[in-house]
Amino acid sequence: AAARGCGGVWRRAWQRGAGGPAPVPRGQRAVACNARGGAVPAGKSGLAPWVPVVGLEIHAQISSNSKLFSGSQVQFAAAPNSLVSFFDASLPGTLPVLNRRCVEAAVMTGLALNCSINKRSLFDRKHYFYADLPAGYQITQQRVPIAVNGSLSYSLCIDNKMSQMVTKTVRIKQIQLEQDSGKSLHDDTRNQTLVDLNRAGVGLMEVVMEPDMCCGEEAAAAVRELQLILQTLGSSQAVMAAGQLRVDANVSVHHPGEHYGVRTEVKNINSLRFLAKAVDYEIQRQIEELENGGTILNETRAFDSKLGCTVPMRDKEGKQDYRFMPEPNLPPLILYDAKSLPANMNHQQVVNIDWIHERLPDLPSVKRAKLVERYGILPEHGFTLLNEDGLTEFFENVVKQTQMKPKKVIGWILNDLLSYLKQHSLTVKESPVSSFLLADLLNLLEKKEISSTAAKQVLAELWKGEGKTPFEIVKEKKLELIDQKELEQICQVVIDGQENEVIMMVLG
Amino acid sequence: AALKGGLRFQVSAALKEGRVTPTELCQRCLSLIKSTKFLNAYITVAEETALKQAEESETRYRRGQPLGVLDGIPIAVKDNFNTAGIETTCASNMLKGYISPYNATVVQKLLDQGAVLLGKTNLDEFAMGSGSTDGVFGPVRNPWSYSRQYREKSVPKSRSEDEESNWVITGGSSGGSAAAVSSFTCFAALGSDTGGSTRNPAAHCGVVGLKPTYGLISRHGLIPLVNSMDVPGILTRCVDDAAVVLGSLAGHDPKDSTTIQDNFKPFELPNLTDVSKLSIGIPKEYHAPGLSSEILALWSKAADLFKNAGAKVVEVSLPHTRYSIVCYHVLCTAEVASNMARFDGLEYGHRSDMNKSTESMYAATRREGFNDVVRGRILSGNYFLLKQNYENYFIKAQKVRRLIANDFVKVFGSGVDILLTPTTLSDAVPYMEFIKEDNRTRSAQDDILTQAANMAGLPAINVPTGLSERGLPVGLQFIGQSFQEKQLLTVAKWFEKQVKFPMIQLEVKRHDHSAFQHQKPAFFS
């Protein structure tokens, strides 16, 4: 167990109020997670330390043209109820037909997460009444999911320093295929609920991560790595803001050596930053609750991003019995590998695990290692390059077009380009300075035609996006470096013209 | 004359030779539907679209390009199959007025082959029942209640009683379809068969009722009762016709993942002359409590018929059959609970005016929309699916189901070709007697001989065999091996030929009281 999770131990990181009931402002203080895996030194309070445990359930919307069991198109932000087939609306007599693309995406994801792929998996019905669940049940994989027993390695930096990174592993319990629900829009003023079924039936992969994490930062780092993997595979676009990646966190705390505490499930988290915040808030809330002699309820809580806290979800009160049942309209999902593939089988109709395995693209970890090796950059540079969509390509394009060493180029990319983009909330693709222009500029620098200070000045001009080339800017602003002889000549001219002053200076 | 003939040989030939036109045929059926309205066999009669379809068929015949044997043939469809543009109600308040935007695959296939869809037939609400008495549109009356055969043998004895109390039920739940075929208002009808719902009414109404192998015919568009057992059923006047309809419906459907992958080749039934290579199994467990002595006698007569013709007739055992009713009850109600969850009043069907909250709207909608039988099954099904009960009920029932299915595998593995059993315990009972027992008790009793075939997914057929002492039809059931419909039907056809089941002598006199009192009493014989 020490190999995974941070094994870190927390203490209450704040002073209790002077006995009064006044609530301590929770979540204000960043909770330091001991990413090194050592024990956190005892706090001032001297109380027994707490071990937080964090597990995640992640729903990734499968990137596919059509839904999991119907031919309806999948599209974000289409007109309400414009992408609804008879099956999606659960018209009586309609039946599910499994979308092969969704199966392939799940297999790909399972392989990338080191899972064993079940060659025979099953579909189940999970029942509950809700306005955006037209059939009254969701088709999921409760008994035998498509992939099990995997792992995900992710890295995070210690003490906010990029130079100190540790790599951790979280076990993947399973990946299951299931249907997404529709969306309910509650109009409280008119006391109405409006239902949009465009999302109903879209394919989801539910990735269940074992409780191997211990703080918000770890959770966020693990999800970030998963997100990169999904995007690399193309199995999900995994944009959290678009609801393509939804994370629920299971959080509990206990004392070392004791059983895990009662856990709560935190939902309604829609960014990585909020994930870290929500988890840390929930850990602190539970510690405080327990230290105040309270108990933790096994409940579902929602993260309120405005208030930065978690609150109990009203409609999730009371225990649900989902009355699981095998889905009778779908035969077992059978997958093949090269060995088990029957010779007479139509290849269009089967999913071959080996075939998918051979065609997996380089995963982020491999990509990073290759960048480090090929360009001689530092490992943490690899992380930064991959973290921003399109940044690796940008970097490689610059390197191709310049004589400057990649090691030097990376500084310009990370320090100048990236910080500018961040400041202006731009993506790499939106950068006013193309890789071509930056390479041009770096070439001037490399040929010693301008100084590094001048290069920064030119870059500042380039951001304006006025269509000038670096060379033009250098000329215009007369930023060229001048060689020694020229400099001496200039000096001589100056000296010659100011004879009196020179004499005065020489005489002192 | 053509009206009463079989499909393959008489009607189709008459149409081809121009002795009758599809429009004439359709009009005759429509007027018969009107004059037999009191049977309550149809929920919806699609007169306008039927006549239009007949017209189109007529054009094809005139051009000499009919689509096949079914072109121009009037058919009826049980009201739990979706039909685009024609109401699909499941005989429930929940779907009253519901017009589906699509055709069930089987309906589409029939239409594609030129069949003329006369209307939708009556049933027990959501096909839950064995009498066709528990639908929101009222019970179906067995045409044999109005036959000369029944009147001569039964009615004189009870002349003093109110005539209304003498009519007998059709059996169910496809009673409307069976009555429609039996009363000559259509040539073939679709039913559905989950525990015997096609074979049971076929037996009571004296028609052929085929339940094909699970997976041979698409269920897409059939509003489900139990998905893992439902099969579209075929009701016809003779075995040859059942083969024709089967040939037009069977095969893979991309919209139903539980259908077979292979393409199905339609077949014509040979005239069997030699049955000596045949091994007929007589399962002793079908000698069930409550089996009437006359059916038992008929059953052994049938066995002798095979024996005398040279077939091997052996007693076999299906030891787990006795658990089938209990097992079915758990599996059926569990799936019902699940399948009925979609009827919440939001997307389609009945919606209650109750608008306090979404939950109260759900509750009121479902209370108003479903009858007691449906609600009762939903309740018990949800009970069986509860986390604490799932192992003890659902899982156990699934295991028992496997045992029941394995019994058949063993018997067929021992060299038996086909099983011969009764279809029902007795002939049809009068409605007044039938409703003395509740739906659950009735279903449990009536499905006992038919249900195991659904558990095992096997093909089975009711062949009308003779008349009871009361002048009512009695049928026997043949159960075949998976996907061996050709063998099953060939044997059934041979048997049909031997027994020469009498034609119904339908007398529609005083009963024609509802809409067509002005008409002269009609007598169809």
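Quantities reported herein were computed from a predicted structural model and do not represent experimental measurements. (Residues numbered from 1 in each chain as written. Chains lettered and ligands numbered in written order. Predicted model: local features only at pLDDT ≥ 70, side-chain atom pairs only at ≥ 80, totals over all residues. Heavy atoms only, no water.)

1. Side note on the UniProt feature "domain: Asn/Gln amidotransferase" (unreviewed entry) in chain A
Point 1. Mapped onto this numbering, the UniProt entry annotates "domain: Asn/Gln amidotransferase" (unreviewed entry) at residues 393–507 of chain A.
Point 2. Between the end C-alpha atoms of residues 393–507 of chain A the distance is 62 Å, and the span holds 70% helix and 0% strand. (UniProt positions renumbered as here; feature names shortened; annotations may be inferred. Helix = DSSP H or I, 4+ residues; strand = E, 2+ residues; numbered from the N terminus.)

2. As for the side chain of T23(B)
Residues and elements named next belong to chain B.
Point 1. Among the secondary structure elements, T23 is positioned in helix 2 (residues 22–35).
Point 2. The exposure class assigned to T23 is buried, which follows from its relative accessible area of 18%.
Point 3. Not counting residues within four places of it along the chain, the set of residues in contact with T23 comprises L51, A54, E55 and E58. (Buried < 20%, exposed > 50% of the residue type's maximum accessible area, 1.4 Å probe, protein only. Contact = heavy atoms within 4.5 Å.)

3. Re the interface of chain B and chain A
Point 1. Taken together, the contact pairs 40 residues of chain B with 30 residues of chain A.
Point 2. Here chain B meets chain A over a buried area of about 2800 Å², counting both sides, of which 57% is carbon and sulfur.
Point 3. Where chain B meets chain A, there are 0 salt bridges.
Point 4. Where chain B touches chain A, the interface holds 17 residue pairs in polar contact (both at pLDDT 80 or more).
Point 5. Of all elements in the fold, only helix 10 (324–339), helix 11 (358–369), helix 12 (372–385) and helix 13 (387–413) of chain B reach the threshold of two or more residues within the side of chain B that touches chain A.
Point 6. In the side of chain B that touches chain A, the residues fall into 19 nonpolar, 12 polar and 9 charged. (Buried area = accessible area lost by both parts, 1.4 Å probe. Salt bridge = Lys/Arg side-chain N within 4 Å of Asp/Glu carboxyl O. Polar contact = N/O pair within 3.5 Å; in protein donor to acceptor, adjacent residues only side chain to side chain. Nonpolar A, V, L, I, M, F, W, Y, C, P; charged D, E, K, R; others polar.)

4. Considering helix 17 (residues 485–499) of chain B
Side chains of residues three or four places apart in an α-helix project in the same direction, reflecting 3.6 residues per turn.
Residues and elements named next belong to chain B.
Point 1. The terminal C-alpha atoms of helix 17, which comprises 15 residues, lie 21 Å apart, in line with the 21 Å expected from a rise of 1.5 Å per residue.
Point 2. E485, L488, L489, T490, V491, A492, K493, W494 and F495 are the residues of helix 17 that are buried.
Point 3. Positive phi appears at K500, one or two residues downstream of helix 17, with a value of about 45°. (Expected span 1.5 Å × (residues − 1).)

5. What to know about the pattern of salt bridges
All names here are of chain A.
Point 1. In total, this model carries 39 salt bridges over all chains according to the counting rule given.
Point 2. R125 is paired through a salt bridge with E327; the nearest N and O atoms lie 2.7 Å apart. A residue pair is termed long-range when its members are at least 10 positions apart, and R125 in strand 4 (residues 124–127) and E327 in the loop between strand 15 (325–326) and strand 16 (333–334) qualify at 202 residues. Note on accessibility: R125 and E327 belong to one class, buried.
Point 3. Among the ionic pairs, D248 bridges to K267, the shortest N-O distance being 3.1 Å. Taken together, the residues D248 in strand 11 (residues 245–254) and K267 in strand 12 (residues 264–269) connect sequence positions 19 residues apart.
Point 4. Here the salt bridges share partners, and the residues they tie into one network are E282, R285, E299 and R301.

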